[in-house]
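Below, each chain spelled out in residue letters.
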Amino acid sequence: MQRLEVLARQLTAGAAVEDRTPLLATKNDYDTMYKRSIQDPEGFWGEMALGYHWDRKFPARGHMAANTDIRRGPVSIQFFAGGTTNMSYNCLDRWVAAGRGEQAALIWEGNDENERRTVSYRELLAEVNRLSNWLKSRGVKKGDAVTIYLPMVPELPAAMLACARVGAVHSVVFAGFSADSLAQRMVDCNAKVLLTATGVMRGTKPVLLKTIADDAVKLAAKAGQETSSVLCLEVANALAAADTPWNPVRDVWWHAAVPMQSAECEPTWLDSEDRSFLLYTSGSTGKPKGVVHCVGGYMVGVGVSCRYLYDMRPGDVVFTTADCGWITGHSYLAYGPLLCGCSSVIMGGIPTHPDGGRAWRMVERYKVRQFYTAPTLLRSLLQLGDAWPRQSDLSSLRVLASAGEPMNEHAWHWFHEVVGSSRCPVVDTWWQTETGNAMLIPLPCKWFQAKAGSAGVPFFGVCPVVLDPTTGNEICTTEAEGVLALRGVWPGMMRTLHGDHERFESAYFAPYKGYYFTGDGCRRDADGHYWITGRVDDVINVSGHRIGTAEVESALTEHPDCAEAAVIGVDHALKGQAIYAFVTLRGHVQTSDAMRKLLMDHVRKSIGPFAVPEVIHWAPGLPKTRSGKIMRRVLRKIASGEEKELGDISTLAEPGVVDMLIKLRGK
Ligand code: PRX
């Protein structure tokens, strides 16, 4: 990919900032489309899908089938069956053919603000084709898994698109994960090819990705999974190629192997229900789950959501701050904006480096129209003061989006008033890795009365229900509070968990028969708007990163000095939630700060830096019921200093443990 100097001309290639005909101009427009999407999903989505290229069209009727009620047999979902398509074709070739070849597809800035690169649609297509040909040369075929462990550089979306082009199933692993976590994910999906980089600078800190990748390859081999090829991208400023550990039999330099490939590669036409990608996410128990998304449904779900929910149109400049290692990066940085013919801005560094104005200068520089972020980042930016956003011209902004965790009112108002000058709707969307695309949304329409902190109303095809957690019955009154479940199916929905359809059914469809269980609590207000009240299971959300308490517990107990651990989430002003661990050491081991550090380092090595507990609270014993179940409710109260509200602890096997734990708080 070449550096292009003339940004401005490309960025004005489309209708970047002027106003245009709104898509859902009236409430009636939304109501009519929504109603049709629920009453006739097959017809509705069939028509929506016609906005994309299909090499072989699916039939107008009979393409959709679904069962989400485990009492009626296995859970299965299909959309657009009989049709064949390719997501990379729809993201790239279609726009080049439509005369947008010279428009920026990706606009990248590195950790250093002066590192900039723009990749046009034509250039991205050529790079994707070369990479596709390289994958083929290494024997990668349709259905094979490829692991991608790259920092936020244009080559990351290019790698995803190359997999999509040849029908390989990509598994992007966030470049903040440790060697153990990377290896676990490579083994689980049987990936023989790994794409990585020398390293990356995060703020002032270099992260040596290739070294971590090498360790992961070794660990995978120990578990019986051989890696045949590691393609390594040289990332400037992190580690010179000459200093990078190298295995000449297995390792290949990107700059040596990819440019020599042909820039032409016919897309592999895939069945709509062929696998598109795997993305590992945390559940309340056990190891991470490989969420499986399929080609046609994911493409249509994401593309249509970008159009209607974030108003993305060809030529718009979209800036999503998420990393491609998470679903938001997949759907709203990589695939979605490209499916809509937009220019997608990638920030390679951290948004507060070198100062609090970095993200806002990028908005001004590229005339960003849609800015998509997460509450954690907003909280850290707002802490740095109003002067930073005020120093930049943010008048190009039209839509302010956020997802991933609850947004407190303060952050909402700051986003709306300071960043958006009270002109731009704040689109605080609720969704999940599993749902593929945004599900609940405050519509970015003039008529929509958004409320600070509410996730709004359902997207097309989404039928949210509030269930009573004890009876499992639907609460049918408009105002309701309970657990959030979804009835029916939508195209972007995950199809299974890799290698474990049984877990897919038991985690999502067994808790409340006939519904998809989200794991979230919610409230519906008198206007029918939804408010997410947080997870009702043992999943915590730290800075928008989803972590299962069981994963952190198992990392802690892997340490030879740790006898037992119980992990909970506690409120945290910046991160939303922080990890709080109660740890019981083995009999002979003394508690000390050095021991604390050892355990923290162990979690860092086992999962990654973002999973390190904020607090380790020494626990000579844990509050358990007589059947041995840890009472986390009690631990939450102890951690937050609310021991006066412990509630009924009469079922505890050893009630004395509670007093001991209270005494040890802060010790
Ligand atoms: O608890 C909900 C929270 O994030 C979880 C999904 O996390 P993940 O799979 O990483 O997907 C992130 C993609 C947005 C949900 O179960 N969550 C997501 N969006 C919101 C939210 N909580 C409150 N408000 C939201 N807008």
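The rules we used
- Residues numbered from 1 in each chain as written.
- Predicted model: local features only at pLDDT ≥ 70, side-chain atom pairs only at ≥ 80, totals over all residues.
- Heavy atoms only, no water.
- Core = buried A, V, L, I, M, F, W, Y, C linked by side-chain atoms within 4.5 Å.
- Buried < 20%, exposed > 50% of the residue type's maximum accessible area, 1.4 Å probe, protein only.
- Helix = DSSP H or I, 4+ residues; strand = E, 2+ residues; numbered from the N terminus.
- Domains from an automatic or database assignment.
- Contact = heavy atoms within 4.5 Å.
- Axes fitted to C-alpha atoms, helices over the stretch in contact; angles between N-to-C directions.
- Parallel < 35°, antiparallel > 145°, perpendicular 65-115°, else oblique.
- Nonpolar A, V, L, I, M, F, W, Y, C, P; charged D, E, K, R; others polar.
- Near = heavy atom within 4 Å.
- Polar contact = N/O pair within 3.5 Å; in protein donor to acceptor, adjacent residues only side chain to side chain.
- Areas by Shrake-Rupley, 256 points an atom, 1.4 Å probe, with all protein chains shown as cover.

Draft legend 1. Local environment of the nonpolar core. Core analysis: the biggest nonpolar cluster contains 160 residues, and Trp 45, Leu 124, Ile 148, Val 300, Tyr 310, Leu 556 and Val 583 have the highest contact counts within it. The biggest single contributor to this core is helix H6 (residues 155-166), with 9 residues. Residue assignment places this core across two domains, with domain 1 (23-85 + 463-536) and domain 2 (543-664) each supplying three or more. Contact partners of Ile 148, with chain neighbours within four places excluded, come to Leu 156, Ala 159, Met 160, Cys 163, His 170, Ser 171, Val 172, Val 173 and Leu 195. Counting residues in each nonpolar core, the second largest holds 30 residues, with Val 363, Leu 378, Met 407 and Trp 414 among its members.

Draft legend 2. Spatial organisation of the packing of helix H13 (residues 375-383) against helix H15 (residues 409-419). Relative orientation of the contacting elements H13 and H15 amounts to 70°, with a least axis distance of 10 Å. Compared by their axis directions, H13 and H15 come out roughly perpendicular. Facing H13, whose interface residues are Leu 378, Arg 379, Leu 381 and Leu 382, H15 presents His 410, Ala 411, Trp 414 and Phe 415. Here the residues of the contact of H13 with H15 sort into 6 nonpolar, 1 polar and 1 charged.

Draft legend 3. Just the site of the ligand, in detail. Around the ligand, a shell composed of 17 residues is seen, among which Thr 429, Thr 433, Asp 520, Arg 535 and Arg 546 lie nearest. Between a nitrogen atom of the ligand and a main-chain N or O atom of Glu 405, the distance comes to 3.4 Å. In the model, an oxygen atom of the ligand is placed 2.5 Å from a nitrogen or oxygen of the Asp 520 side chain. Expressed as a share of its isolated accessible area of 540 Å², the protein-covered part of the ligand is 94%.

Draft legend 4. Layout of unusual backbone geometry. The step from His 353 to Pro 354 runs through a cis peptide bond, and the omega angle for that step is 5°. Tracing the backbone shows Pro 354 in the loop between strand S17 (343-347) and helix H12 (358-366). Non-glycine residue Asp 311 carries a positive phi angle of around 55°. Relative to the helices and strands, Asp 311 is located in the loop between helix H10 (295-309) and strand S16 (317-320). Judged by its relative accessible area of 17%, Asp 311 falls in the buried class.

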